[in-house]
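One letter stands for each residue in the lines below.
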Amino acid sequence: MVLDNLPDNDDKSLFENRLNVEELNHAAFKIRNEIGKVIVGQERVLDYLMTALLANGHVLLEGVPGIAKTMIAKLLSKCINTGFSRIQFTPDLMPSDVLGTMVFHSGRSEFEFKKGPIFSNLVLIDEVNRAPAKTQAALFEVMEERQVTIDGVTHPMVSPFIVLATQNPVEHEGTYRLPEAQLDRFLFKIKLDYPSVDQEVTILQNAQQRGSIIETEEVSPVITAKEILDFQELVTRVRVDHDIISYIAKIVDKTRNNSDLFLGASPRASLAVLRSAKAFAALEGRDFVTPEDIKEMIVPVLNHRVILTPEREMEGLHPENVIRRIVDSIDVPR
């Protein structure tokens, strides 16, 4: 490529300083290969999970029981050589069971903070909607500010810190709906579907061949926490043109002025679209964001942040339908 034909020195500098995302793509390839040893299909779900990891965002996985929500999260953690903890949310779970508590040592006559299972790098919260409101509210600070405050003392989380939560959209007995403030803490809400017939045949064949081997034992760490942090920093430098930023703002603004929606998306949602689009672009091997990246990210970012009007909800309309209509109504930047 001849640089002398570029219009001016600024353009030359931009070209010469393009980001190298090859290492990031290679790491993503290795993660896909490892998880692919166990999980059949769900490629798009895995892409979204890696996007969230690179964008330093939390993920809510939603789907009926038995479609590998928890397994995918566990396998992802196995691919990363970092801390992992799993918390099973139940109706009797207390905030201290998640965050930790102060323990009195009689010998030293002082209290000491005993950290809860939330203090890890990758945290799986299984069936997040089974815990009562006070336990769900305990996650507000740690998910948004990545710190826990107990008795006036702030305890920061160690980076990377990502929460992967699961919930069942069908069963409502013994569950507590997540409040909007809690949902807004998640970068993505990813909905998992049933596999196709061919995929299910492959799942059964793999289980037959695996025998007594536990699924997670087939996956090995292929990336370190340090590499994750380096990739997260790299993603922040992915280029976004002003027209793309305006495109994001127009889409989000239109959710606030739509007759089908009772509640639109907040500026936090706009920032989430921007962060995730940059991460997705890097996964696609680019150091710049395109309108297609925005279209790809807009549904998982917004589908849990907007609320339908009661009339539209009774008609069986889904937030995804409204979001796609909004995107289609806005001119794509050229």
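Residue numbers restart at each chain and count upward from 1, following the sequence in its written direction. Predicted model: local features are reported for residues with pLDDT of at least 70 only, side-chain atom pairs are reported and counted for 80 or more only, and whole-chain, interface and lining totals are derived from all residues. Excluding hydrogens and water, the side-chain values take into account all heavy atoms of the structure.

A separate point is helix α3 (residues 43-54). Residues spaced three or four apart along an α-helix point in a common direction, a consequence of the helix completing one turn every 3.6 residues. For helices the rule is a DSSP run of H or I covering at least 4 residues; for strands it is a run of E covering at least 2, with both sets numbered from the N terminus onward. To estimate how far a helix should extend, the number of its residues minus one is multiplied by 1.5 Å. End to end, α3 covers 17 Å across twelve residues, agreeing with the expected 16 Å (1.5 Å per residue, within 8%). Relative accessibility under 20% of the residue-type maximum defines a buried residue, over 50% an exposed one, and the middle range a partly exposed one, all with a 1.4 Å probe and only protein chains included. Most of α3 is tucked away, with ten of its twelve residues classed as buried. Inspection of α3 places Val 45, Leu 46, Asp 47, Tyr 48, Leu 49, Met 50, Thr 51, Ala 52, Leu 53 and Leu 54 among the buried residues, and these make up the whole buried set. Phi turns positive, to about 60°, at Asn 56, one or two residues after α3.

Bringing the packing of aromatic side chains into the picture now. Stacked, tilted and edge-to-face are the three classes applied to pairs of Phe, Tyr and Trp rings, where Trp contributes its six-membered ring and a pair requires centres within 6.5 Å; stacked means planes under 30 degrees apart, edge-to-face means over 60, and tilted covers the rest. Enumeration according to the criterion identifies two aromatic pairs in this entry. When the ring of Tyr 48 is compared with that of Phe 188, the centres are 5.8 Å apart and the planes differ by 55°; the resulting orientation is tilted. Here the residue Tyr 48 occupies a position in helix α3, and Phe 188 occupies one in strand β10 (residues 186-191), the gap between them amounting to 140 residues. There is no split in this pair, since Tyr 48 and Phe 188 are both buried. With 5.8 Å between their ring centres and 70° between their planes, Phe 113 and Phe 119 make a pair best called edge-to-face. Given the relative accessible area of 14%, Phe 113 is considered buried. Whether a charge sits over a ring depends on NZ of Lys or CZ of Arg being within 6 Å of the ring centre and within 35 degrees of the ring normal. A cation over a ring is seen here: Arg 185 above Phe 140, with NZ or CZ 4.9 Å from the ring centre. A cation sits over an aromatic face here: Arg 286 above Phe 288, 5.7 Å from the ring centre.

We now examine the environment of Gly 41. Of note, Gly 41 is situated in the loop between α2 (22-36) and α3. Relative accessible area serves as the criterion here: at 13%, Gly 41 is assigned to the buried category. Placed 16 residues apart in sequence, Gly 41 and Gly 57 show a C-alpha to C-alpha distance of 23 Å.

On to the nonpolar core. Each nonpolar core is a collection of buried residues, namely Ala, Val, Leu, Ile, Met, Phe, Trp, Tyr and Cys, held together in the definition by side-chain atoms within 4.5 Å. By size, the foremost hydrophobic cluster in this structure holds 75 residues, and its most contacted members are Leu 49, Phe 188, Ile 190, Ile 251 and Ile 294. The element contributing the most residues to this core is helix α12 (residues 267-283), with nine residues. The contact criterion used is simple: two residues touch if any of their non-hydrogen atoms lie within 4.5 Å. Ignoring any residue separated from it by four or fewer positions in sequence, one finds Ile 294 in contact with Ile 244, Tyr 247, Ile 248, Ile 251, Val 273, Ala 277 and Val 289. Residues Leu 60, Phe 113, Leu 139 and Phe 161 belong to the second largest nonpolar core, which totals 26 residues.

Ordered in space as β3-β6-β9-β1-β10, the five strands form an open sheet in which the pairing is parallel. Both outer strands of the open sheet, β3 (84-88) and β10, are each paired with one neighbouring strand and no more. For this sheet the average axis-to-axis angle between neighbouring strands, irrespective of direction, equals 15°. One ladder, built from five bridges, connects strand β1 (residues 58-62) with β10; its direction is parallel. Residue pairing in the sheet places Val 59 in a bridge with Phe 188 of β10. Where helix α4 (residues 69-79) meets the sheet, its contacts fall on β1, β3, β6 (122-126) and β9 (162-167), and the angle it forms with β6 comes to roughly 170°. Pairing between strands requires that DSSP locate at least two bridges from one strand to the other. Axis definition: a line fitted to C-alpha atoms, over the contacting stretch in the case of helices. Angles run 0 to 180 degrees between N-to-C directions.

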